[in-house]
Amino acid sequence: MAEYKFYYFNGRGLGDVSRQLFALSGTKYEDIRIEHADWPAQKPKMPFGQMPVLELSSGLQIPQSMAIARYLAKKFGYAGKTDEEAALADALIDQFKDFYAEIKPYYYAKIGVLQNDTEEEKKKTLIPARDKFLTIIGKFLKLSISGFLFSGGLTYADLMICDNMRTLIAWWPEYLNEYPDIKAWYQKVDGIPEIRKHLESSPDKGF
Ligand SMILES: N[C@@H](CCC(=O)N[C@@H](CS)C(=O)NCC(=O)O)C(=O)O
């Protein structure tokens, strides 16, 4: 029996960063993808009524995407090389959550949850939020000698932010055109062989 069960919908969303950490570390896990039709029966079984959820072999269930990713990142060595890098990786994840909240009118229109006009939301919400967030990312990349966000190497912050970018680029291929340094970083993370293999073998729902 695998030591970990990972529950999420059949998409990348807030969950794939954890699947990517399993792939990078070569750790076996049960990748349980719940279909939307089955969700009402599953919802009451989840500690906070939402997914993703990580279940340990003890039966303990850990909710909240970033808490799960941070837990796995610590276990597998992708939480930051030093305490300071780890604190800043957490800070970037918190900043990512703020960015994700800001772009919701665009993101939710794109996935059909909101009826907003996607082109209008792109101009009104996505572009200003992108410019603010990528300016911050750019500062970290300038200071880092590894080509990742931190000199000590790849962290779960690189994975999470790039995975969300993967979706935004699929929707708008010019997303990074004004940001060549960030594009180079994205391509470096995207090109990690374990990540490529994981993405290519996953059922692709586009987001
Ligand atoms: N802050 C939570 C948000 C979780 C969340 O919004 N999960 C969605 C899927 S991405 C969900 O479970 N939706 C079904 C529901 O709320 O019933 C996290 O980061 O894990």
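Here the residue numbers are simple positions, counted from 1 along each chain's written sequence. Under the rules for a predicted model, residues below a pLDDT of 70 receive no local features and side-chain atom pairs below 80 are neither given nor counted, while totals for whole chains, interfaces and linings still include all residues. Side-chain numbers here rest on the full set of heavy atoms in the structure, without hydrogens or water.

- With an unreviewed UniProt entry as reference, the protein is termed glutathione transferase, source organism Caenorhabditis elegans.
- What the UniProt record of the protein gives under Sequence similarities (unreviewed entry) is the line "Belongs to the GST superfamily. Sigma family." UniProt positions are given in the numbering used here, feature names are shortened, and annotations may be inferred rather than shown by experiment.

**Let's talk about the packing of helix α1 (residues 16-25) against helix α9 (residues 193-201)**
Line of reasoning, step 1. Here an angle of 0 to 180 degrees is reported between the N-to-C directions of two axes, which are lines fitted to C-alpha atoms, with helices fitted over the stretch in contact. A helix here means a DSSP run of H or I that spans at least four residues, while a strand means a run of E at least two residues long, and both kinds are numbered starting from the N terminus. At a minimum axis distance of 9 Å, the contact between α1 and α9 shows a crossing angle of 125°. Classified by the angle between their axes, α1 and α9 sit oblique to one another. Classified by chirality, the crossing of α9 by α1 is right-handed. Residues Asp-16, Arg-19, Gln-20, Ala-23 and Leu-24 of α1 lie in contact with α9, whose contacting residues are Glu-194, Ile-195, His-198 and Leu-199.
Line of reasoning, step 2. In this classification, Asp, Glu, Lys and Arg are treated as charged, Ala, Val, Leu, Ile, Met, Phe, Trp, Tyr, Cys and Pro as nonpolar, and every other residue, Gly included, as polar. Each residue belonging to the contact of α1 with α9 can be placed in one class, and the counts come to four nonpolar, two polar and three charged. The scheme is simple: roughly parallel for angles under 35 degrees, roughly antiparallel for over 145, roughly perpendicular for 65 to 115, oblique for anything else. For any pair of crossing helices, the crossing counts as left-handed if the nearer helix is rotated counterclockwise from the farther one by less than a right angle, and right-handed if it is rotated clockwise. The contact rule is simple, with two residues in contact once any of their heavy atoms fall within 4.5 Å.

**Structural notes on the site of the ligand**
Line of reasoning, step 1. Tyr-8, Phe-9, Leu-14, Trp-39, Lys-43, Gln-50, Met-51, Pro-52, Gln-64 and Ser-65 make up every residue found near the ligand.
Line of reasoning, step 2. Polar contact is the term for a pair of N or O atoms within 3.5 Å; when the atoms are in protein, one must be able to donate a hydrogen and the other to accept it, and sequence-neighboring residues count only if both atoms are side-chain atoms. Contact between the ligand and Trp-39: an oxygen atom at 2.8 Å from a side-chain N or O atom of the residue.
Line of reasoning, step 3. At 2.8 Å from a nitrogen atom of the ligand is found a main-chain nitrogen or oxygen belonging to Met-51.
Line of reasoning, step 4. Accessible surface area values rest on a Shrake-Rupley calculation with a 1.4 Å probe, where residue burial reflects the displayed protein chains alone. Protein coverage of the free-state accessible area of the ligand, which is 510 Å², stands at 70%. A single heavy atom is enough: if one lies within 4 Å of a molecule or strand, its residue is considered near that molecule or strand.

**Let's talk about helix α3 (residues 65-76)**
Line of reasoning, step 1. A helix is expected to span 1.5 Å for every residue after the first. In this model α3 runs 16 Å from its N-terminal to its C-terminal C-alpha over 12 residues, within 8% of the 16 Å that 1.5 Å per residue would give.
Line of reasoning, step 2. Three labels apply to residues, based on accessible area from a 1.4 Å probe with only protein chains included: buried if under 20% of the type maximum, exposed if over 50%, partly exposed otherwise in between. Of all the positions in α3, only Ser-65, Met-66, Ile-68, Ala-69, Leu-72, Ala-73 and Phe-76 are classed as buried. The buried residues of α3 occupy an angular sector of 155° when the element is viewed end-on, so they sit on one face. Summarising the geometry of α3, the exposed residues directed more than 90 degrees from the buried face are Lys-74 and Lys-75.
Line of reasoning, step 3. Packing partners of the buried residues in α3 comprise β1 (4-9), α1, β3 (53-56), β4 (61-63), α4 (83-102) and α7 (156-171).
Line of reasoning, step 4. The positive-phi residue at the C-terminal boundary of α3 is Gly-77, with phi of around 90°. The reported arc concerns the directions from the helix axis to the C-beta atoms and nothing else.

**Some words on the pattern of salt bridges**
Line of reasoning, step 1. Salt bridges are defined as contacts in which a side-chain nitrogen from Lys or Arg sits within 4 Å of a carboxyl oxygen from Asp or Glu. Counted according to the given criterion, the structure contains 15 salt bridges.
Line of reasoning, step 2. Glu-200 is the partner of Arg-196 in a salt bridge, and the nearest nitrogen-oxygen pair spans 2.9 Å. Linking Arg-196 with Glu-200, this pair stays in helix α9, spanning four residues, or about one helical turn.
Line of reasoning, step 3. If you follow the salt bridges from partner to partner, you end up with Arg-12, Asp-163, Arg-166, Asp-190, Arg-196 and Glu-200 in one network.

**Remarks on the domain arrangement of the protein**
Put simply, an interface is often sized by how much accessible area is lost when its parts join up.
Line of reasoning, step 1. By convention here, the domain bounds are inherited from an automatic or database domain assignment. Taken domain by domain, the protein consists of domain 1 (4-77 + 195-201) and domain 2 (83-192).
Line of reasoning, step 2. The interface is formed by 15 residues belonging to domain 1 together with 17 residues belonging to domain 2.
Line of reasoning, step 3. Carbon and sulfur atoms supply 62% of the area that domain 1 and domain 2 bury against each other, a total of about 1,400 Å² over both sides.
Line of reasoning, step 4. By definition, the buried area sums, over both parts, the 1.4 Å-probe accessible area that each loses when the two are put together. A per-residue breakdown of the area domain 1 buries against domain 2 is headed by Arg-12, Met-66 and Arg-70, which together make up 35% of the total.
Line of reasoning, step 5. Along the contact surface separating domain 1 from domain 2 lie three salt bridges.
Line of reasoning, step 6. Asp-190 is the partner of Arg-196 in a salt bridge, and the nearest nitrogen-oxygen pair spans 2.9 Å.
Line of reasoning, step 7. Viewed at the interface, domain 2 and domain 1 are joined by eight residue pairs in polar contact (both at pLDDT 80 or more).
Line of reasoning, step 8. Where the side of domain 1 that touches domain 2 is concerned, the elements lending two or more residues are α1, α3 and α9.

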